[in-house]
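Breakdown of the fold
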Amino acid sequence: MYNPDGDMIGTAKLTERSEGVQVLVNVEGLEPGPHGFHVHEFPVCEGPDFTSAGNHFNPTGKMHGLMNAEGPHAGDMPNLEADESGKVVEAEVMLPEATLLDGKNSLMKGEGTSLVIHEAIDDGFSQPAGDAGERVACGKIQLNDDGEMPTDPMEQKDKKEE
Ligand SMILES: [Cu+2]
Ligand SMILES: [Zn+2]
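Residues numbered from 1 in each chain as written. Chains lettered and ligands numbered in written order. Predicted model: local features only at pLDDT ≥ 70, side-chain atom pairs only at ≥ 80, totals over all residues.

- Labelled according to an unreviewed UniProt entry, the protein appears under the name Superoxide dismutase [Cu-Zn], originating from Thalassobacillus devorans.
- Here the protein is described in UniProt, under the heading Function (unreviewed entry), as follows: "Destroys radicals which are normally produced within the cells and which are toxic to biological systems. May play a role in favoring mycobacterial survival in phagocytes." (UniProt positions renumbered as here; feature names shortened; annotations may be inferred.)

Laid out in structure tokens, this is it:
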């Protein structure tokens, strides 16, 4: 994942599980405290504002927010908590409605998607994006190895974003 200056501040690793897509995050250089964290709809991370990533990944047309009765977006995740040194170490969150395989809710559908970290806490309710403020880090979701698409879709299980 990259900050608005284009510096790499860490990684997130995505893994297909029976319960959904697991996201394992290691980043540094954030302000201490909670940060909104979502899958956004386009795999384009152009700083400094990362508006190129588009809105939240929302293939099912829901409202925003894990606490919203009419939500959540498939790309909504719990806040990341940065420690006093601004690091997020081995944080693990799930995307229960998403998949890395084929289908409407696939994070790899079309051109793919991206991960975005925000400056402030996602309140889990406000539209359209939890009132989480500026986008402070972005990374597109992509295959980890050499980028070759395996012929067996089950071998696409491990995706990594940088
Ligand atoms: Cu976001
Ligand atoms: Zn959302």
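**Focus on the pairing of strand S2 (residues 20–27)**
- As judged from the 8 bridges shared by strand S1 (residues 10–17) and S2, these two strands associate in the antiparallel manner. Looking across to S2, one finds that Leu 14 is bridged to Val 23.
- One ladder, built from 6 bridges, connects S2 with strand S6 (residues 88–95); its direction is antiparallel. For Val 23, the partnering residue across the bridge sits in S6 and is Val 93. (Pairing = 2+ DSSP bridges. Helix = DSSP H or I, 4+ residues; strand = E, 2+ residues; numbered from the N terminus.)

**Focus on the environment of Ala 74**
- On the secondary structure map, Ala 74 appears in the loop between strand S4 (37–40) and strand S5 (80–82).
- According to the C-beta neighbour criterion, Ala 74 is buried, with 26 such atoms within 10 Å.
- For the pair Ala 74 and Ala 98, spaced 24 residues apart in sequence, the C-alpha separation works out to 6.2 Å.
- With residues near it in sequence (within four places) discarded, Ala 74 still touches Phe 57, Asn 58, Pro 59, Thr 60, Leu 95, Glu 97, Ala 98 and Asn 105. (Buried ≥ 20, exposed ≤ 12 C-beta atoms within 10 Å, placed from the backbone. Contact = placed C-beta atoms within 7 Å.)

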